[in-house]
Amino acid sequence: MIRHIIRKEFTDVVRDGRFRWCTVLVGSLLLVSLGHGWVQARKVQQEHAAAQATAREHWETQGEKNPHSAAHYGIYAFKPRLALSFIDEGVDPYTGTTVWLEAHRQNDFLLRPAQDATAAQRIGALTAAQVLQHLVPLLVILLTFGALASERERGTLRQLLASGIGRRDLAVGKALGVAGALSLLLVPAALLGAAALVVGSPGPAASPLVRGLTLTGVYLAYFGAFLALSLAVSAWARSGRTALVILLAVWVVNGLVAPRVAVDLSKWLHPTPSAFEFARTVQNEMAAGVGDLSPPDRGALTDRLLAEHGVERVEDLPINLTGVYLQELEEYGNVVFDHNYGALWDTFERQSTVHETLAVAAPLLAVRSLSMGLAGTDVEQHRHFAVAAETYRRDLVRLMNGDMAENSRSGDFSYVADADLWTAVPPLQYAAPTLGWVLGNRILSLLVLGAWLTGAVLFARARVRRVEVG
């Protein structure tokens, strides 16, 4: 009996002109956004690879100079695009993907597309994730709102139940029929996405297929929650029009109101300083000290080194005092940077937790966090790369200052190194976080999304069991 209901519901939906037009529209947007995102991700990754090679060449061919001057010469680091980033750009357009690594400074990321975009361009930037998070649930609502309410209005619900069909079987059959119709849209899109990963992913592997399967499961749970919720409202509402109004209100709150509220509330609960205030705080601490730690004193350092090496004159030291002092300044600056940037990153992550917590009122917020995490474009993974880049910067500067301290006996910057030292610095090798690391950061979103799916199914079951026939 359920098979007959599924077949009938599937046929009715597919034959409906509204379904065909909506499917063509949403499907076109989804396929175009997938294709455009993949092409853009490939292009960005290729540009980053070319720029990284050029930056490396410039570093190795910078000529003879003092090692500390070479540390100021610096080098660029580029955040790689992971395989699924073509689906969800996440925070990358707002945080940037390029950072300049140099001595004495931990710089902010550069090349932020959103910074140069107009408001209209930011609104019009359509990604596959946005289509899946906003338009597919709307399509689910339009296909399901009248599943039981319209049957009641037409008087056919009483006849169906009188013929021996159980309420549960009827609801399950209708849900599976609608799901089958939706598969005509989602399966080709999923196959296209899988083909994009297999043919040539736009970034490091980082288990792209496993991440892709996990992301598929996340979106299926999201669509399933909307399908069950729509069926429950259809069983509860007195008419199809009432069911549609209620479900559209839910869609507006979920997709339009909740994200804006989450942004404003997270900023209010966990405010961040402006770029000017942050830079001024760092500058003040570099000059005056942070906590109980003060900037290094050259005189005290000189006395300590003279005592350690048992000599009375700086000229008799077996190491370069200036090189040691410059590294002392660097280590002190690292403490200041860790204090300020660590607090800033922690604030960003607390804001992200607010978004995840508010997902109890809007499942979109949980899905969005999971989508960005699996695509490698969330705040946590941006911080992961920023820490790796900063660690590389510190190792590079330490090597430059160490070479100056060990190989120069004069107190000035007359000592120069050549390409042998520059090539001794290895390129930045970034290892993306594992899937387990990503999901470990998104446990709250997983729990909330699971609760939404379970709650929607239980709500649908309860309403269908008590559905009125007239």
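Note that the structure is a prediction, hence the values are computed from the model and not measured. The numbering scheme is per chain: residues are counted from 1 as the chain's sequence reads. The predicted origin of the model limits local features to residues at a pLDDT of at least 70 and limits the giving and counting of side-chain atom pairs to 80 or more, whereas totals for whole chains, interfaces and linings rest on all residues. Excluding hydrogens and water, the side-chain figures rest on all heavy atoms present in the structure.

Colleague: What is the right way to look at the nonpolar core in this model?
Modeller: Note that soluble globular proteins tend to have their nonpolar side chains buried in a common cluster. As used here, the term nonpolar core means buried Ala, Val, Leu, Ile, Met, Phe, Trp, Tyr and Cys residues forming a set that is joined through side-chain atoms within 4.5 Å. Between buried and exposed lies partly exposed: a residue is buried under 20% and exposed over 50% of the maximum accessible area for its type, with that area taken using a 1.4 Å probe on protein chains only. Counting 74 residues, the largest nonpolar core has Phe86, Tyr219, Tyr222 and Leu449 as the members making the most contacts within it. The leading source of residues in this core is helix α11 (residues 208–236), at 15 residues. Within the second largest apolar cluster, 34 residues are counted, among which are Trp59, Ile75, Val91 and Phe109. To qualify as a helix, a DSSP run of H or I must reach at least 4 residues; to qualify as a strand, a run of E must reach at least 2; elements of each kind are numbered from the N terminus.

Colleague: Sorry, what's going on with the packing of aromatic side chains here?
Modeller: Where two aromatic rings form a pair, the distance of their centres and the angle of their planes describe that pair. Ring pairs shown here join Phe, Tyr and Trp side chains whose ring centres sit within 6.5 Å, with only the six-membered ring taken for Trp; geometry is labelled stacked below 30 degrees between planes, edge-to-face above 60, and tilted in between. In this structure the tally under the stated criterion is 11 aromatic pairs. Cluster of aromatic residues (ring-pair linked, three or more members): Tyr219, Tyr222, Phe223 and Phe226.

Colleague: Mind showing me how you'd approach the confidence of the model for the protein here?
Modeller: Fine structural detail should not be taken from predicted coordinates in areas where pLDDT scores are low. Counting all residues, the mean pLDDT for the protein is 88, and 94% of those residues have values of 70 or more. The pLDDT value expresses, per residue, how confident the predictor is, ranging between 0 and 100. Here, two residues are considered to be in contact whenever any of their heavy atoms come within 4.5 Å of each other. The low-confidence segment residues 202–206 (pLDDT under 50) makes 19 contacts with residues lying over four places distant or belonging to another chain.

Colleague: Hey, could you run me through the sheet that holds strand β1 (residues 75–78) in this one?
Modeller: Paired through their backbone hydrogen bonds, the strands of a sheet run either parallel or antiparallel. Here we have 3 strands laid out as an open sheet, ordered β1-β2-β3, and antiparallel in their pairing. A strand with exactly one partner marks an edge of an open sheet, and here the two such strands are β1 and β3 (105–106). Strand pairing is assigned whenever DSSP identifies at least 2 bridges connecting the two strands. Bridge analysis of β1 against strand β2 (residues 98–102) gives 4 bridges, and the strand direction is antiparallel. Its bridge partner being in β2, Tyr76 is matched across the sheet by Trp100. Along the sheet, helix α17 (residues 379–407) contacts β1, β2 and β3; its crossing angle with β2, the most-contacted strand, is approximately 20°. Where helices are involved, their axes are fitted lines through C-alpha atoms of the stretch in contact, as for all axes, and angles between N-to-C directions lie from 0 to 180°.

Colleague: Just checking my understanding: could you explain the packing of α11 against helix α12 (residues 240–269) for this structure?
Modeller: Two quantities define a packed helix pair, namely the angle between the helix axes and the distance between the axes. Taken N-terminus to C-terminus, the directions of α11 and α12 make an angle of 150°; their axes are 9 Å apart at the nearest point. Judged by the sense of rotation from one axis to the other, the crossing of α11 with α12 is right-handed. Two secondary-structure elements touch here, α11 through Tyr222, Phe226, Leu229, Ser230, Val233, Ser234 and Trp236 and α12 through Ala243, Ile246, Leu247, Val250 and Asn254. In this classification, Asp, Glu, Lys and Arg are treated as charged, Ala, Val, Leu, Ile, Met, Phe, Trp, Tyr, Cys and Pro as nonpolar, and every other residue, Gly included, as polar. Here the contact of α11 with α12 is composed, by residue class, of 9 nonpolar, 3 polar and no charged. The handedness criterion is simple: a crossing whose near helix is rotated anticlockwise from the far helix by less than a right angle is left-handed, and one whose near helix is rotated clockwise is right-handed.

Colleague: Can you walk me through the pattern of salt bridges in this structure?
Modeller: Here the idea is simple: oppositely charged side chains can pair when their charged atoms come close. Any carboxyl oxygen of Asp or Glu that lies within 4 Å of a side-chain nitrogen of Lys or Arg is treated as forming a salt bridge with it. Here the structure, examined in full by the defined rule, presents 22 salt bridges. A salt bridge links Asp92 to Lys79; the shortest N-O distance between them is 2.8 Å. Taken together, the residues Asp92 in helix α4 (residues 92–95) and Lys79 in the loop between β1 and α4 connect sequence positions 13 residues apart. Here Asp92 and Lys79 have matching classes, each one buried. Arg442 is paired through a salt bridge with Asp378; the nearest N and O atoms lie 3.0 Å apart. With Arg442 in the loop between α19 (435–441) and α20 (443–465) and Asp378 in the loop between α16 (363–375) and α17, this pair connects stretches of sequence that are 64 residues apart. Taking the relative accessible area as the measure of exposure, Arg442 reaches 1% and is therefore buried.

Colleague: Would you mind showing me how to read α12 here?
Modeller: Residue pairs three or four apart in sequence face the same way in an α-helix, which turns once every 3.6 residues. Counted at 1.5 Å a residue, the expected span for α12 with its 30 residues is 44 Å, and the 41 Å between its end C-alpha atoms agrees. In this scheme, the bend at a residue equals the angle between the axes fitted to the seven residues that finish there and the seven that begin there. The largest bend in α12 is about 40°, located at Val257, with the proline Pro259 one to four residues further on. Within α12, the full set of buried residues consists of Gly240, Ala243, Leu247, Trp251, Asn254, Gly255, Ala258, Pro259, Ala262 and Ser266. Packing partners of the buried residues in α12 comprise α7 (128–144), α8 (149–154), α11, α15 (321–357) and α16. Expected helix span is computed as 1.5 Å times (number of residues minus one).

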